Amino acid sequence: MPLADSLTTTPIWPAGSELILGTVCFVVIFGVLGKLLLPRITKLLSEREDAIQGGINRADEAQAEAQAVLQQYRAQLDDARHEASRIREEAHEQGAQIIAEMRERAEAEARRITDAAQSQIEADRQQALVSLRAEVGSLATELASRIVGESLADTARQGRMVDRFLDEIEAGTAGARH
């Protein structure tokens, strides 16, 4: 093998015709791929980017909407808590008012019962006093009749004497009290 042939056919350095043919084929294939596939690849990548960006935007919108709904629920919950607090306070006030009304009614009923009892006691006292006057009068006249020895059956005189006797007793007790 000649030295010139060995230099041209080395595995690192290809033959001239192969180099030219390989370069022309590379340029043609690269041109065809660049013209046909590059726009499709670019289009596919831009669609993919749009889809990803749209997904991110939709996720951001959904998150913003979720935050708005959460804020709305929190506001409704706060309103419900305030309303419940107001209702509890109102119920407490109504309860206190009902208790005050019932206490007032009970006191009025107690006063009415006490007044009725006082009236009844006074009526019973008056009745007992009249009955006592009559009984004391008859006993006094009977005792006086026995002492004197004659009958003191005159009712008018007997009534005046008993009244005078009881008035003296009452005057004596009234003076002793003061």
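Chemist: Can you walk me through the overall build of the chain in this structure?
Modeler: Looking only at helices and strands, one finds three helices and zero strands in the chain. For the chain, the sequential pattern of α-helices and β-strands runs α-α-α. Scored against the burial criterion, the 178 residues of the chain give a buried share of 4%.

Chemist: How should I be thinking about the pattern of salt bridges in this particular structure?
Modeler: Where charged atoms from two side chains of opposite charge come close, those side chains can pair. Tallied over the entire structure, the rule returns five salt bridges. In this structure, glutamate 90 engages arginine 86 in a salt bridge whose closest nitrogen and oxygen atoms are separated by 3.0 Å. Here arginine 86 and glutamate 90 lie together in helix α2 (residues 16-148), a separation of four residues that amounts to about one turn. Accessibility expressed as a relative area gives 42% for arginine 86, which makes it partly exposed. A salt bridge links arginine 112 to glutamate 109, with the shortest nitrogen-to-oxygen separation between them at 2.3 Å. Of the two residues, arginine 112 and glutamate 109 are both situated in helix α2; the distance of three residues between them amounts to about one turn of the helix.

Chemist: For this particular structure, what's the right way to read a nonpolar patch on the surface?
Modeler: Taken together, the side chains of Ile20, Val24, Val28, Ile29, Val32, Leu33, Leu36, Leu37, Ile41 and Leu45 present a nonpolar region at the surface, about 920 Å² in accessible area. Within the element layout of this structure, isoleucine 41 appears in helix α2. Looking at isoleucine 41, the relative accessible area reads 45%, which means it is partly exposed.

So, how was this worked out
Residue indices follow the written sequence of each chain, beginning from 1 at its first position. Residue-level local features of this predicted model are given only where pLDDT is at least 70; pairs of side-chain atoms are given and counted only at 80 or more, and the full residue set underlies all totals for whole chains, interfaces and linings. The basis for every side-chain value is the complete set of heavy atoms in the structure, and neither hydrogens nor water enter the calculation. Strands here are runs of E lasting at least two residues and helices are runs of H or I lasting at least four, both read from the DSSP assignment and numbered beginning at the N terminus. Buried residues are those whose accessible area, probed at 1.4 Å on protein chains only, stays under 20% of the maximum for their type, while exposed residues exceed 50% and partly exposed ones sit between those limits. A pairing counts as a salt bridge when a side-chain nitrogen of Lys or Arg comes within 4 Å of a carboxyl oxygen of Asp or Glu. Patch definition: residues above 30% relative accessible area lacking any salt bridge, with like charges linked at up to 9 Å and the nonpolar side chains Val, Leu, Ile, Met, Phe, Trp and Tyr linked at up to 5 Å. Here, Shrake-Rupley sampling with a 1.4 Å probe gives the accessible areas, and only protein chains in the shown set may cover a residue.

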